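A structural walkthrough
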Amino acid sequence: MTEIVASLADISAQYDAVFCDLWGCLHNGVAPFPAAVAALQAFRAKGGRVILLTNAPRPKASIIRQLDKMDVPRDAWDDVVTSGDAAQYAMLTGAVGHKVHFIGAAKDESFFTDFAPDLQAVAAANPPISRVAVKDAQGLVVTGLVDDLTETPDDYRSALLLAKNLNLPMLCANPDIIVHFGDKLLYCAGALAKLYEELGGTALYFGKPHPPIYDLARRRLTALGGAEDARILCIGDGIHTDVQGAIGESLDALFVTGGIAFESFGADSHNPNKDLLDAWLQETMLSPIYSIGHLR
């Protein structure tokens, strides 16, 4: 069963690098968690590498700007890898064709224009992507809801049914179903992909827990000096994304219980009830090596 630890420092000597989730671990979409920032700074101060690994559908430059705006200090991390980066690679290489219909918010427009340096050569070597109406598309590119503050997946049912009837594959740039935004829960692209599959459509995923995002994270970690898999720790609050992904990649996981599932482990989110946690993990059939209330 999982071991509950008091801090990252208690286990950090075992690892040379961490792949750390953002939402629910380092920030809540509005402000950073000071204890989490301090934990990552301390890990780096001892020579560790920190790759921020997020299912955000936007390219890493957009996420870095968001982190800067929230005053997350740059000495808390070394590099950023997003589901958007991994999905961009797939889109550029024609995973759903080169004529696509886009579903997403205005904030995600950079998905089609802002490529990290290691993806710019991929863009140059492949046919350009054109955005078209559903009836003219070869596939769908979905980064999220157009207005996630007011909409739900049901608002897209008729549009998705049309795409399914046209046999369009969906590229899902963010496998997350929901995410915390302050004290609210918002639907993500994964919720639309789930509905699309329920309607009989085909969805392709590139973020956690799927391999492409981990392949990209390892490549970027190698550029920083690298680390053996046995010395990489994955940190996250998503049991079916962060923990399942780590297990699938044979990487150790530190599950943050005070994130998206915080109500399941007792009244004190900083100190999860061990019996409740063990029973909950048994139901999920996923067991991280370590668990912690909040990253600190």
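Now for a look at the structure at hand. Quantities reported herein were computed from a predicted structural model and do not represent experimental measurements.

Side note on the packing of aromatic side chains
For the structure on display, the rule yields 5 aromatic pairs. Centre to centre, the rings of F102 and F112 are 5.0 Å apart; their planes meet at 85°, and the pair counts as edge-to-face. Placement of F102 in strand 5 (residues 99-103) and of F112 in the loop between strand 5 and helix 4 (117-124) is noted, with a sequence separation of 10 residues between them. By relative accessible area, which is 13% here, F102 ends up buried.

Points about the pairing of strand 4 (residues 79-82)
A two-sided burial pattern is seen for strand 4, the buried positions comprising D79 and V81 on one face and V80 and T82 on the other. Inspection of the sheet shows strand 3 (residues 49-54) paired to strand 4 by 4 bridges, in the parallel sense. For L53, the partnering residue across the bridge sits in strand 4 and is V81. Each parallel crossover has a hand, and the one from strand 3 via helix 2 (residues 60-69) to strand 4 is right-handed.

A few points about unusual backbone geometry
The peptide bond linking K208 to P209 adopts the cis configuration, its omega dihedral lying at 10°. Here S250, not a glycine, exhibits a phi torsion of approximately 60°, which is positive. In this fold, S250 is placed in the loop between helix 8 (239-248) and strand 13 (252-256). Backbone geometry places M285, a non-glycine residue, at a positive phi of 60°.

Focus: helix 6 (residues 189-198)
Of all 10 residues making up helix 6, 7 are buried, and the element is well covered by its neighbours. Taken as a whole, helix 6 has its buried residues at A189, G190, A191, L192, A193, L195 and Y196. As for helix 6, its buried residues are in contact with strand 5, strand 7 (139-142), helix 5 (157-165), strand 8 (170-172), strand 10 (184-187) and strand 11 (203-205). G200 sits one or two positions beyond helix 6 and adopts a positive phi of about 105°.

A look at the side chain of D242
Relative to the assigned elements, D242 resides in helix 8. In this structure the side chain of D242 is engaged in a polar contact, spanning 2.8 Å, whose partner is the backbone nitrogen of G238. Those residues in contact with D242, other than ones at most four positions away along the chain, are D21, K208, Y214, I235, G236 and D237.

Some details on the environment of T150
Here T150 shows up in the loop between strand 7 and helix 5. Taking the C-alpha atoms as reference, T150 lies 14 Å from V179; in sequence the two are 29 residues apart. A polar contact is formed between the side chain of T150 and the side chain of D147, at a distance of 2.9 Å.

Quick word on the nonpolar core
Core analysis: the biggest nonpolar cluster contains 36 residues, and L8, L40, L52, W77, I235, L254 and L295 have the highest contact counts within it. Every element with two or more residues in this core is listed here: strand 2 (17-20), helix 1 (34-45), strand 3, helix 2, strand 12 (232-236), strand 13 and strand 14 (290-292). Judged by nonpolar contacts, the second largest core, of 32 residues, contains A17, V122, I213 and C234.

Focus on the pairing of strand 12
Most of strand 12 sits inside the fold, with 5 of its 5 residues counted as buried. Bridge count for strand 2 against strand 12 is 4 bridges, and the pairing is parallel. Bridge assignment links F19 to a residue of strand 12, and that residue is C234. Looking at chain direction, strand 12 and strand 13 are connected through 4 bridges and run parallel. In the strand pairing of strand 13, I235 is matched with L254. Once you follow strand 12 into helix 8 and on to strand 13, the crossover reads as right-handed.

A few points about helix 3 (residues 83-92)
Burial analysis of helix 3 places 9 of its 10 residues in the buried class, which makes it a mostly covered element. Those residues of helix 3 that sit buried are S83, G84, D85, A86, A87, Q88, A90, M91 and L92. One side-chain oxygen of the residue at the start of helix 3 lies 3.1 Å from the amide nitrogen of G84, identifying that residue as T82. One or two residues past the end of helix 3 sits G94, with phi positive at roughly 85°.

Remarks on the pattern of salt bridges
For the coordinates displayed, the defined rule picks out 20 salt bridges. Residue R74 pairs with D68 through a salt bridge whose shortest N-O separation is 2.6 Å. For the salt bridge of R220 with D85, the shortest nitrogen-to-oxygen distance reads 2.8 Å. Taken together, the residues R220 in helix 7 (residues 211-223) and D85 in helix 3 connect sequence positions 135 residues apart. Neither R220 nor D85 differs from the other in exposure class; each is buried. Through salt bridges with shared partners, a single network forms among D215, R218, D229 and E249.

The rules behind each value
Residues numbered from 1 in each chain as written. Predicted model: local features only at pLDDT ≥ 70, side-chain atom pairs only at ≥ 80, totals over all residues. Heavy atoms only, no water. Phe/Tyr/Trp six-rings, centres within 6.5 Å; stacked < 30°, edge-to-face > 60°. Helix = DSSP H or I, 4+ residues; strand = E, 2+ residues; numbered from the N terminus. Buried < 20%, exposed > 50% of the residue type's maximum accessible area, 1.4 Å probe, protein only. Pairing = 2+ DSSP bridges. Right-handed = clockwise from strand over helix to strand, strands pointing away. Contact = heavy atoms within 4.5 Å. Polar contact = N/O pair within 3.5 Å; in protein donor to acceptor, adjacent residues only side chain to side chain. Core = buried A, V, L, I, M, F, W, Y, C linked by side-chain atoms within 4.5 Å. Salt bridge = Lys/Arg side-chain N within 4 Å of Asp/Glu carboxyl O.

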